[in-house]
Amino acid sequence: MATDADDRPDQEPAVRGQQVLDLLNKAIDAQSQLVRKNIARARQRNPEATPAQVIRNLERMYVSALTGTGAAVGATAAAPGVGTGVALALSAGETLSSLELSALFALSVAEVHGVPIDEVERRRTIVMGIMLGGSGSATIGKVAERTGQHWGRQVVAKVPVETLRQINKILGRNFITKYGTKQGIIVLGRVAPFGIGAVIGGGANAAMASLSVRAGRRAFGPPPTSWQELTHGTPPTPEDS
């Protein structure tokens with residue numbers, strides 16, 4: 001008769017995978033309410049900024065913030081008196097921060113493009129599709145049975161929610177594979193001694209941010225030429241923040 005211990009190795013990957021998705025869902029829920037404030041911050045220096053200029057600012061803010069969180073954890077691990085256990089605990093929190101920053105970036109860009117983000121399945125498709133890059137866009141196009149560029153506008157904004165649920169199931173499995181496995185390697189790299197962790201941590205996050213920026217551009221295509229093209233018609237103002 002099989003024991004609980006015998007079953008545990010088979011159960012552990014599923015448990016870890018669900019934990020990754022739970023973190024993602026928590027990040028999406030937390031950041032969905034901050035999208036318009038984030039856009040307003042991107043317009044603070046230039047209230048007359050066009051949608052293209054705002055998106056460029058959102059990209060800069062995202063890359064800078066995500067790179068900083070990775071480098072900070074790595075640098076902490078290299079500090080005298082900080083043990084590996086403390087650094088690993090910090091990395092666990094930083095994983096959520098990375099997901100939150102990525103969710104906020106993806107949803108903010110979608111908002112500027114006028115893509116609806118009011119339904120949770122649409123938000124999940126946008127975030128996972130952008131974070132997964134080329135593999136995400138290929139999956140979305142295949143399941144939705146739609147071809148062409150700019151899946152963010154052609155698929156997320158138009159296909160039924162039931163189709164998005166099917167897409168998100170597959171994206172979720174791919175997300176677990178990519179971030180549930182590779183994230184562990186990156187975390188261990190951040191706790192390397194003598195400051196190496198800061199380089200690995202910041203560099204890994206910078207690479208991930210750059211991939212997400214490029215994926216966002218492919219997902220939505222050229223930004224609107226004016227705010228009047230959007231459904232809501234007016235951009236969030238700096239006072240909204």
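Residues numbered from 1 in each chain as written. Predicted model: local features only at pLDDT ≥ 70, side-chain atom pairs only at ≥ 80, totals over all residues. Heavy atoms only, no water.

**So, the nonpolar core**
Part 1: Of all hydrophobic cores here, the largest spans 50 residues; its most connected members are Ile126 and Phe175.
Part 2: Looking at which element gives the most residues to this core, the answer is helix α4 (residues 84-112), with 9 residues. (Core = buried A, V, L, I, M, F, W, Y, C linked by side-chain atoms within 4.5 Å. Buried < 20%, exposed > 50% of the residue type's maximum accessible area, 1.4 Å probe, protein only. Helix = DSSP H or I, 4+ residues; strand = E, 2+ residues; numbered from the N terminus.)

**Considerations on the packing of helix α5 (residues 120-132) against helix α6 (residues 134-144)**
Part 1: Two elements in contact, α5 and α6, have axes separated by 5 Å at closest approach and are oriented at 130°. On the basis of their axis angle, the class for α5 and α6 is oblique. Contacts between α5 and α6 pair Thr125, Gly129 and Leu132 from the former with Gly134, Ser135, Gly136, Ser137 and Ile140 from the latter.
Part 2: Per-class residue counts for the contact of α5 with α6 are 2 nonpolar, 6 polar and no charged. (Axes fitted to C-alpha atoms, helices over the stretch in contact; angles between N-to-C directions. Parallel < 35°, antiparallel > 145°, perpendicular 65-115°, else oblique. Contact = heavy atoms within 4.5 Å. Nonpolar A, V, L, I, M, F, W, Y, C, P; charged D, E, K, R; others polar.)

**Some remarks on the confidence of the model for the protein chain**
Part 1: For the protein chain, mean pLDDT is 74; residues scoring 70 or higher make up 66% of the total.
Part 2: Looking at the elements of the protein chain, mean pLDDT is at its lowest for α4, recorded as 69, and at its highest for α5, recorded as 92.
Part 3: Segment residues 184-202 is flagged for pLDDT under 50; beyond a separation of four residues in sequence, or across chains, it makes 34 contacts in the model. (pLDDT = per-residue confidence, 0-100.)

**Brief notes about the packing of aromatic side chains**
Part 1: Scanning the model with the defined rule gives 2 aromatic pairs in all.
Part 2: A ring pair is formed by Tyr62 and Phe105, whose centres lie 4.4 Å apart and whose planes are at 5°; its orientation type is stacked. Of the two residues, Tyr62 is situated in helix α3 (residues 51-78) and Phe105 in helix α4; the sequence distance between them amounts to 43 residues. The pair Tyr62 / Phe105 is uniform in exposure class, with both members buried.
Part 3: Their ring planes at 35° and their centres at 6.4 Å tell us that Trp151 and Phe220 sit as a pair that is tilted. In this pair, Trp151 sits in helix α7 (residues 151-156) while Phe220 sits in helix α9 (residues 196-220), placing the two residues 69 residues apart along the sequence. Each member of the pair, Trp151 as well as Phe220, carries the same accessibility label: buried. (Phe/Tyr/Trp six-rings, centres within 6.5 Å; stacked < 30°, edge-to-face > 60°.)

**Examining the side chain of Ser108**
Part 1: Mapping Ser108 onto the fold places it in helix α4.
Part 2: Excluding residues that lie within four positions of it along the chain, Ser108 makes contacts with Val35, Asn38, Ile39 and Leu58.

**Topic: the pattern of salt bridges**
Part 1: Tallying each qualifying case throughout the model produces 7 salt bridges.
Part 2: We note a salt bridge from Glu111 to Arg36, for which the minimum N-O separation is 3.1 Å. In this pair, Glu111 is assigned in helix α4 and Arg36 in helix α2 (residues 35-42), connecting sequence segments 75 residues apart.
Part 3: Among the residues examined, Arg36 registers a relative accessible area of 34% and is labelled partly exposed.
Part 4: Here Glu162 and Arg165 are joined by a salt bridge, their closest N and O atoms 3.1 Å apart. Taken together, the residues span about one helical turn, with Glu162 and Arg165 both in helix α8 (residues 161-190) at a distance of 3 residues. (Salt bridge = Lys/Arg side-chain N within 4 Å of Asp/Glu carboxyl O.)

**Re the side chain of Ser212**
Part 1: If you trace the backbone, Ser212 turns up in helix α9.
Part 2: Apart from residues no more than four positions distant in its own chain, Ser212 is found in contact with Tyr62, Phe105, Ile130 and Met131.

**Topic: the environment of Gly216**
Part 1: Position of Gly216 among the secondary structure elements: in helix α9.
Part 2: Gly216 sits in the buried class, given a relative accessible area of 6%.
Part 3: Taking the C-alpha atoms as reference points, Gly216 and Gly129, separated by 87 residues in sequence, lie 8.8 Å from one another.

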